[in-house]
Amino acid sequence: MARRLIGRVAALARYPVKSMLGEELSETEITIGGAVGDRAWALREIATGKIVSAKKFSRMFEFRASYDSQPSIGATTPVTIQLPSGKTIHADDPEASEVVSAALGRIVRLERVDSTKRERAGIDPATVFGDVPVEKVQPAFTAATLPDDFGLARGTFFDSAIMHVIATGTLRHLARLAPGSVFDARRFRPSILVDTGDDADSFVEDGWLEGILEVGETMRVIKMRPALRCVMTTHPQDGLAQDFAILRAAAFHHRANVGVFAAVGAPGKVRVGDPVHLAS
């Protein structure tokens, strides 16, 4: 099996509450089930019974969740939620659901992930791909026929996969295709951002799909597939303005795929600066 260095870990991220802003990390423990503590909580919309997603509720990006201390496997570590007002609460506070409901403008309930369930999250078919027609991204559907929800990975609050990786070269390439937009990695919410150098003439991850990413000493990323993007990439957050051109560029130049969704083939601790090799 051939093996070559393709870059280094540039950033790591974890999202304690699904669809809220999360935390940037210098290192993280990644298990077969993903980064420890990632998407451990979510909101359930009481009116529909579905899990809340920023695909439908852009105001989720006005909230930020972070751990009070480093989470560990099997332990319950307090999660602090910062509200749009700047005030904070803990996710397990008795009044937390009521407080978040009032701030979001929807009646919701904070829930921990249940490994025995398969949940569904709600979307708005008319807006899920921003101003890109649904049929451009999902040729079998239109806004009128696209379902208004989607299934999450079994036993998790992850949309499609427990691992999401993006190359900096891809973001540079997109910036050349749409020079008026800021292709900040935070828009795409990767678990791992790989610095692949100065080349900016392709969607780098296309060359990874048949291989395995070896990250740091032991962690392995397997079963990579193109990551389909949605309106979440266009939402305003932390100094980034709303920009529908972000998704438009991805849709018209790469079938709305940016980065890869994947599984974990071997666990391990990953640190910013770790080498990333492609084995194929």
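Structure: above.
A short tour of the structure in this document, coming up.

Criteria and cut-off values
Residues numbered from 1 in each chain as written. Predicted model: local features only at pLDDT ≥ 70, side-chain atom pairs only at ≥ 80, totals over all residues. Heavy atoms only, no water. Pairing = 2+ DSSP bridges. Helix = DSSP H or I, 4+ residues; strand = E, 2+ residues; numbered from the N terminus. Axes fitted to C-alpha atoms, helices over the stretch in contact; angles between N-to-C directions. Core = buried A, V, L, I, M, F, W, Y, C linked by side-chain atoms within 4.5 Å. Buried < 20%, exposed > 50% of the residue type's maximum accessible area, 1.4 Å probe, protein only. Contact = heavy atoms within 4.5 Å. Salt bridge = Lys/Arg side-chain N within 4 Å of Asp/Glu carboxyl O.

### Details of the sheet that holds strand E8 (residues 88-90)
At step 1: Strand order in the open sheet formed by three strands is E6-E7-E8, with antiparallel pairing between adjacent strands. The open sheet terminates on both sides in strands that have one partner only, identified here as strand E6 (64-67) and E8. Direction aside, the axes of adjacent strands within the sheet are offset by 25° on average.
At step 2: As judged from the three bridges shared by strand E7 (residues 79-82) and E8, these two strands associate in the antiparallel manner. By the bridge assignment for E8, Thr80 is matched with His90.

### Quick word on the nonpolar core
At step 1: Counting 43 residues, the largest nonpolar core has Leu43, Ile81 and Phe129 as its most contacted members.
At step 2: At the level of secondary structure, the elements contributing two or more residues to this core comprise strand E5 (41-45), E6, E7, helix H1 (96-104), strand E9 (108-112), helix H2 (134-137) and helix H4 (245-254).
At step 3: Considering each element in turn, this core owes the most residues, four residues, to H1.
At step 4: If you look at the next biggest cluster of nonpolar residues, it comprises 26 residues, including Val9, Leu25, Val276 and Leu278.

### Here we look at H4
At step 1: Along H4, seven of the 10 residues are buried, which leaves the element largely enclosed by surrounding structure.
At step 2: The set of residues buried in H4 consists of Ala245, Ile246, Leu247, Ala249, Ala250, Ala251 and His254.
At step 3: Among the structural elements, H2, helix H3 (168-177) and strand E16 (257-266) are those in contact with the buried residues of H4.
At step 4: Once H4 ends, the next one or two residues include Arg255, with phi positive near 55°.

### Here's the deal with H3
At step 1: Among the residues of H3, those classed as buried are Thr168, Gly169, Thr170, Leu171, His173 and Leu174.
At step 2: On its buried face, H3 sits against strand E12 (163-167), strand E13 (192-195), H4 and E16.

### Points about the pattern of salt bridges
At step 1: Applying the stated criterion to the full structure yields 20 salt bridges.
At step 2: One salt bridge in this structure joins Glu45 and Arg106, with 2.5 Å as the shortest N-O distance. Highlighted residues: Glu45 in strand E5 and Arg106 in the loop between H1 and E9, separated in sequence by 61 residues.
At step 3: Residue classification places Glu45 among the buried positions, given a relative accessible area of 4%.
At step 4: Taken together, the shared-partner salt bridges in this structure form one network comprising Arg44, Arg109, Glu111 and Glu119.

### Re the pairing of E5
At step 1: E5 sits mainly inside the fold: five of its five residues count as buried.
At step 2: Burial along E5 is two-sided: the residues Trp41, Leu43 and Glu45 and Ala42 and Arg44 are all buried.
At step 3: Pairing between E5 and E9: five bridges, direction antiparallel. Each bridged residue has a counterpart across the sheet, and for Leu43 the counterpart in E9 is Leu110.

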